[in-house]
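Notes for the structure review
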Amino acid sequence: MENGYYTWMLVSASLVLLMTAPGLALFYGGMSRTKSVLNMMMMSFSALAVIGIVYALWGWSMSYSSVFADADGARGNEVGSLFADPFAQFGLGNTDPANYVFVAFQLTFAVITAALISGAVADRMKFSAWLVFLPIWATLSYFPLAHMVWGGGFLSGVEGGLGDLMFAGDGGARFAPIDYAGGTVVHINAGVAGLVLALLLGKRIGFGKEPMKPHNLTLTMIGAGLLWFGWFGFNVGSIVNLDDYTTETGLVWLNTTLATCAAMLGWLLVEKLRDGKCTSLGAASGVVAGLVAITPACGNLVPWSAMVLGVVAGALCALAVGLKYRFGYDDSLDVVGVHLVGGLVGTIGVGFLASNEGGLFTGGGAEQLAVQTAVAVFAMVWSGLATLVVGFGLKATMGIRLAEEDEVEGIDFIEHGESAYDLGAGGGARRASALNTSTASEVSA
């Protein structure tokens, strides 16, 4: 049984890796404009490369060295229950080989979290700035939140943690925050970071004045399908307790599937009522919204409540993607509308629907809901401040946005010297870029 468990964990890690490249790369690439497809896909691939390296160097140690002992049985110290010693297992040099399967799995989570942010900055962020942003942001935001939620830190169920402080003397540990596979650590974290970066970068040239629709929805739908497939590794692989493996796998798989189905229908219903049509972009976006929302809740719901959570997430995210036009922030590919809002729906929604009389609507009181709300707010504040520090630092030093003429020319040619499509015999990268200007567009609300 144990060998099969660890085999599944490695398969799950590979599935999550598939979610980033090619899954997210295709999903975002299809939603991008023709002149920025390659850059968008490169941001996903480069996140895999950069975060993969820094995770092995200090990310694992900073997140989990206080929980997973090294080869000598020693554990790293915590710093204020916020993160673990980044040097305790630096470079995995003295990590117990028995930990490697968990290192591999958690590495892929760090990778996709960082890659998700890229959708908010499409068309206009310097690639060099992106490469520098990745390791610093992960160090200040992702690794600490991973430790706080999953590594025995402040946002877990430990004594002195958030739940204990909120309900001290009243069984506080019973109301430990629930984040099964990453509502706070992954989606709220990435969604807030995307919003902050979008605000620091400013709007794309022509935003709100000219159409900026996806250039290839076929790629987007393929990417959404790969994300859905890989998400079973994301959620089902998060059953890291061997004792729960046989009892929870089927439940988590079903909840992930049913919530996603319901979310797609919820999104399409909003589109039909609002716009009169059900779009392929809406279907793909609804899939992702459902996956995001069920992520923190997949082990704590039953199938009927997973469907309720999914349809609510799909409908709310469909409405939320239009907020960027109302409030004037340029979240290019709807990272805020899908990942931040979906992450909030899932994280807070489990406080309403948690099984075993844990949720407000399932026989429990309001305590779990209060804890879920508090942890969501904490994650938003932490991610927002960390991203501001990194963003302002890069803006003041190397700069983070392309020059105006370069943005008009097209980020693919300017940053990579390439064009995604040869638009005619003898047409070079500059010719393709010029032609693409007339067809380029953005994700519709």
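Residues numbered from 1 in each chain as written. Predicted model: local features only at pLDDT ≥ 70, side-chain atom pairs only at ≥ 80, totals over all residues. Heavy atoms only, no water.

Comments concerning the overall build of the protein
For the protein, the count of helices and strands is 16 helices and 2 strands. Taken over C-alpha atoms, the radius of gyration comes to 21 Å for the protein, in line with the 22 Å a tight globule of 445 residues would show. Based on the C-alpha atoms only, the size of the protein along its principal axes is roughly 70 × 50 × 40 Å. The buried share of the protein, reckoned over its 445 residues, is 57%. (Helix = DSSP H or I, 4+ residues; strand = E, 2+ residues; numbered from the N terminus. Rg over C-alpha atoms; globule rule 2.2 N^0.38 Å. Buried < 20%, exposed > 50% of the residue type's maximum accessible area, 1.4 Å probe, protein only.)

Description of the side chain of Ser383
Mapped onto the secondary structure, Ser383 falls in helix α13 (residues 367-397). Sequence-distant contacts of Ser383, defined by excluding residues within four places in its chain, comprise Trp137, Ser141, Asn189, Val192 and Ala193. (Contact = heavy atoms within 4.5 Å.)

Structural notes on the nonpolar core
Buried together is how nonpolar side chains tend to be arranged in soluble globular proteins. Core analysis: the largest hydrophobic core is formed by 113 residues, its most contacted members being Phe27, Tyr28, Phe133, Tyr142 and Phe234. Ala25, Leu26, Val37 and Met41 belong to the second largest nonpolar core, which has 5 residues in total. (Core = buried A, V, L, I, M, F, W, Y, C linked by side-chain atoms within 4.5 Å.)

A short note on the packing of aromatic side chains
Counted under the stated rule, the structure contains 22 aromatic pairs. Centroid distance Phe133 to Trp137: 6.2 Å. Interplanar angle 25 degrees. Geometry classified as stacked. With a gap of 4 residues between them, Phe133 and Trp137 both fall in helix α4 (residues 127-150), about one helical turn apart. Looking at Phe133, the relative accessible area reads 0%, which means it is buried. In this structure Trp137 comes out as buried when scored by relative accessible area, which is 0%. (Phe/Tyr/Trp six-rings, centres within 6.5 Å; stacked < 30°, edge-to-face > 60°.)

Some thoughts on the packing of helix α6 (residues 183-201) against α13
Relative orientation of the contacting elements α6 and α13 amounts to 40 degrees, with a least axis distance of 8 Å. By the angle between their axes, α6 is oblique relative to α13. Regarding α6 and α13, the two cross each other, and that crossing is right-handed. Along the contact surface, α6 presents Thr184, Ile188, Asn189, Val192, Ala193, Val196, Leu197 and Leu200, while α13 presents Val375, Ala376, Ala379, Met380, Ser383, Gly384, Thr387, Leu388, Gly391, Phe392 and Lys395. Of the residues assigned to the contact of α6 with α13, the class counts are 12 nonpolar, 6 polar and 1 charged. (Axes fitted to C-alpha atoms, helices over the stretch in contact; angles between N-to-C directions. Parallel < 35°, antiparallel > 145°, perpendicular 65-115°, else oblique. Left-handed = near helix turned anticlockwise from the far one by under 90°. Nonpolar A, V, L, I, M, F, W, Y, C, P; charged D, E, K, R; others polar.)

A short note on the layout of surface pockets
When its volume is computed, the second largest pocket comes out at roughly 180 Å³. For the second largest pocket, the lining is made up of 13 residues, of which Asn300, Ala354, Ser355, Asn356 and Gly358 are closest to its centre. The residue inventory of the lining of the second largest pocket, partitioned by class, reads 5 nonpolar, 6 polar and 2 charged. (1 Å grid on protein atoms, 1.4 Å probe; cavity = no way out; pocket = protein on both sides within 12 Å on 5 of 7 lines; lining within 4 Å. Points joined across faces, edges and corners; volume = space filled by probe spheres on them.)

Quick look at the pattern of salt bridges
Evaluated as defined, the whole model comprises 7 salt bridges. The partner of Asp334 in a salt bridge is Lys324, and the shortest N-O contact between them spans 2.9 Å. Of the two residues, Asp334 is situated in the loop between α11 (323-327) and α12 (335-353) and Lys324 in helix α11; the sequence distance between them amounts to 10 residues. Comparing Asp334 with Lys324, the two get one shared label, buried. For Glu407, the salt bridge identified is with Arg401, shortest N-O distance 2.8 Å. Judged by relative accessible area, which is 24%, Arg401 ranks as partly exposed. (Salt bridge = Lys/Arg side-chain N within 4 Å of Asp/Glu carboxyl O.)

Notes on a nonpolar patch on the surface
A cluster of nonpolar side chains, contributed by Trp304, Met307, Val308, Val311, Val312, Leu316 and Leu319, occupies part of the molecular surface with about 590 Å² of accessible area. Among the structural elements, Val308 can be located in helix α10 (residues 303-320). (Patch = residues over 30% accessible without salt bridge, like charges linked within 9 Å, V, L, I, M, F, W, Y side chains within 5 Å. Areas by Shrake-Rupley, 256 points an atom, 1.4 Å probe, with all protein chains shown as cover.)

Some points on the state of the cysteines
Considering all chains together, one arrives at 0 disulfides under this definition. Cys317 forms no disulfide, and the closest cysteine sulfur to it belongs to Cys261, at a distance of 16 Å. (Disulfide = S-S within 2.5 Å.)

Regarding the packing of helix α3 (residues 100-117) against α4
Between α3 and α4, the shortest axis-to-axis distance is 10 Å and the interhelical angle comes to 125 degrees. Between α3 and α4, the crossing angle belongs to the class labelled oblique. Crossing of α3 over α4 shows right-handed handedness. Contacts between α3 and α4 involve Gln106, Phe109, Ala110, Thr113, Ala114 and Ile117 from the former and Trp130, Phe133, Leu134, Trp137, Tyr142, Phe143 and Trp150 from the latter. Among the residues making up the contact of α3 with α4, the classes are represented as 11 nonpolar, 2 polar and no charged.

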